[in-house]
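Results of the structural survey
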Amino acid sequence: MKCFTKRASSFAGLIFRKWALLIMPWLLAGCQTREAVSFKVLSPAEISIPSDIYQICLINNAIAPRGDSCGVFYVFNGKLYYDSIKYDTLLSWSAIYAMADALMQGERFSLAAEPKFFPRKPQQNKSYPLSFIVLDTLCSPHLGQGAIVLEDIRALDVFDYFGFDQGLYYMKMKILGAADFRFYDLKRQTILDRATISDTIYLDNVAYGWERCLQPFPDRAGAFEQIASQLGQKYAARFSPTLRDAKRFYFNLVNHSDFQKGSEYARQGLWATAARYWIKPATGKKRRFAAFASFNMALASEMQGKLDIALYWIDQSLLRKQTAEAQQYRTQLLKRKTEVDKLVEQMKIEP
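First things first, this report covers the structure right here in the doc. All values derive from a computational prediction rather than experimental measurement.

1. Observations concerning the packing of aromatic side chains
Each aromatic ring pair is described using two quantities: the centre-to-centre distance and the angle formed by the ring planes. Counted by the stated rule, this structure contains 22 aromatic pairs. On the basis of an interplanar angle of 45° and a centroid distance of 4.5 Å, the ring pair of Phe251 and Phe292 is categorised as tilted. With Phe251 in strand 10 (residues 242-253) and Phe292 in helix 8 (residues 287-303), this pair connects stretches of sequence that are 41 residues apart. Taking relative accessible area as the criterion, Phe292 reaches 8% and is therefore assigned buried. For the ring pair Phe295 and Tyr329, a centre distance of 5.2 Å and an interplane angle of 45° mean the geometry is tilted. Residue Phe295 is located in helix 8, and its partner Tyr329 is located in helix 10 (residues 324-346); the two are separated by 34 residues in the primary sequence. Every member of this aromatic cluster is reached through a ring pair, and the members are Phe109, Phe181, Phe183, Tyr235 and Phe239.

2. Observations regarding the environment of Leu138
Relative to the assigned elements, Leu138 resides in helix 3 (residues 132-138). For Leu138 and Cys57, which are 81 residues apart along the polypeptide, the C-alpha to C-alpha distance reads 8.4 Å.

3. Section: helix 7 (residues 271-282)
Buried within helix 7 we find Trp271, Thr273, Ala274, Ala275, Trp278, Pro281 and Ala282. Buried residues along helix 7 sit in contact with strand 1 (32-43), strand 10, helix 6 (257-267), helix 8 and helix 9 (307-320).

4. Overview of the packing of helix 2 (residues 88-106) against helix 5 (residues 220-239)
Close contact between helix 2 and helix 5 brings their axes to 7 Å; oriented N to C, the two are set at 40°. Compared by their axis directions, helix 2 and helix 5 come out oblique. Like other packed secondary-structure pairs, helix 2 and helix 5 cross with a definite hand, here right-handed. Of the residues in helix 5, those in contact with Leu90, Leu91, Ser94, Ala95, Ala98, Met99, Ala102 and Leu103 of helix 2 are Ala221, Phe224, Glu225, Ala228, Ser229, Gly232, Gln233, Tyr235, Ala236 and Phe239. Taken together, the residues that form the contact of helix 2 with helix 5 break down as 13 nonpolar, four polar and one charged.

5. A word on the side chain of Arg108
Relative to the assigned elements, Arg108 resides in the loop between helix 2 and strand 5 (110-111). Although Arg108 lies buried, it forms no salt bridge, and the closest oppositely charged side chain, Asp52, sits 6.8 Å away as judged by the N-O distance. A polar atom in the side chain of Arg108 sits 3.5 Å from the backbone oxygen of Ile49.

6. Considering the nonpolar core
Of all hydrophobic cores here, the largest spans 39 residues; its most connected members are Leu58, Met99, Ile148, Ile153, Phe181, Tyr235 and Phe239. At the level of elements, strand 2 (55-60), helix 2, strand 7 (146-163), strand 8 (168-185), strand 9 (190-208) and helix 5 are the ones that each hand at least two residues to this core. The element contributing the most residues to this core is helix 5, with eight residues. In this structure, Ala266, Phe295, Trp313 and Tyr329 belong to the second largest nonpolar core, which totals 31 residues.

7. A closer look at helix 5
With 20 residues, helix 5 extends 30 Å between its outermost C-alpha atoms, agreeing within 8% with the 28 Å of an ideal straight helix rising 1.5 Å per residue. Along helix 5, the residues that are buried comprise Arg220, Ala223, Phe224, Ile227, Ala228, Ser229, Leu231, Gly232, Tyr235, Ala236, Arg238 and Phe239.

8. As for the packing of helix 7 against helix 8
Where helix 7 meets helix 8, the axes come as close as 8 Å, and the angle between the chain directions of the two elements is 155°. If you check the angle between helix 7 and helix 8, you find them roughly antiparallel. The way helix 7 lies across helix 8 gives a crossing that is left-handed. Here helix 7 contributes Trp271, Ala275, Trp278, Ile279, Pro281 and Ala282 to the contact with helix 8, which in turn contributes Phe289, Ala290, Ala293, Ser294, Asn296, Met297, Leu299, Ala300 and Met303. Looking at side-chain class alone, the contact of helix 7 with helix 8 contains 13 nonpolar, two polar and no charged residues.

Cut-offs applied
Residues numbered from 1 in each chain as written. Predicted model: local features only at pLDDT ≥ 70, side-chain atom pairs only at ≥ 80, totals over all residues. Heavy atoms only, no water. Phe/Tyr/Trp six-rings, centres within 6.5 Å; stacked < 30°, edge-to-face > 60°. Helix = DSSP H or I, 4+ residues; strand = E, 2+ residues; numbered from the N terminus. Buried < 20%, exposed > 50% of the residue type's maximum accessible area, 1.4 Å probe, protein only. Contact = heavy atoms within 4.5 Å. Axes fitted to C-alpha atoms, helices over the stretch in contact; angles between N-to-C directions. Parallel < 35°, antiparallel > 145°, perpendicular 65-115°, else oblique. Left-handed = near helix turned anticlockwise from the far one by under 90°. Nonpolar A, V, L, I, M, F, W, Y, C, P; charged D, E, K, R; others polar. Lys, Arg positive; Asp, Glu negative; His and termini not counted. Salt bridge = Lys/Arg side-chain N within 4 Å of Asp/Glu carboxyl O. Polar contact = N/O pair within 3.5 Å; in protein donor to acceptor, adjacent residues only side chain to side chain. Core = buried A, V, L, I, M, F, W, Y, C linked by side-chain atoms within 4.5 Å. Expected span 1.5 Å × (residues − 1).

Okay, structure coming up:
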């Protein structure tokens, strides 16, 4: 009986080892990983500006006369206070220069000159449009076809803290901002856009000790500079193409030489060379490999700016194997193609 049990166990072990040797290469070949890719893409603006407006004059009309009070309210530990320091200069110029930087990145517009300053009227509590006589004085015809005026900017910070046992603190800060902008067409003597842009920044921290918990938070000037910059950037994105981060991934299969080689070149940004290796399994008979490789071919095509070819390859991937990843990527490609078509129209310039 013992001999029979020993032989049976030995026979079972032999069968298992043979099965493992047969199945292991298939498992390794089928093992896939995803490698992330991040890059910048140009996004279209919310509104389209006439193609004969490509030089812009920026005007700061948000600084009050010296006699006016231009402090800010703030909330500390649930109570409202007023800071009499004039922050309008810091806020307005931070917004103007952030907007200028965003315009330069979009490459659709250029600045006709350095931003201009035109002070608000005494005791002016509302945003009023500037006359075209004033605009022509500030931005002579050879300095630009359009003018953007920052009319007003406001900010509020709210800071709260909670103390616990053994010196543990929880602190949170909220910075709110709003700004009024107006876009003028100097050639046609019309107003193209009027918008109030708002934004909020949230910060919090937990730490032992008051100073340690407070350390990551900016001071009021730093907080206002940050929120004002965001307001300027957001308004620029309203009418100027802007850069944004895009994230994708591709498949890499273990023990598959073509996938491995393609991945090596993809990591270096050599997408055309990577595609030379991926196209082999993409057009092969193994449907699973073809689905993954076709997905990769779609990414390689997108990275080379060939969106129509990318859509062809993602459709090929879906024909081989219906996956949520491929379907989602197809949706992203269709959206990107629509954005590019809109960008082509928005980037047109007619001198």
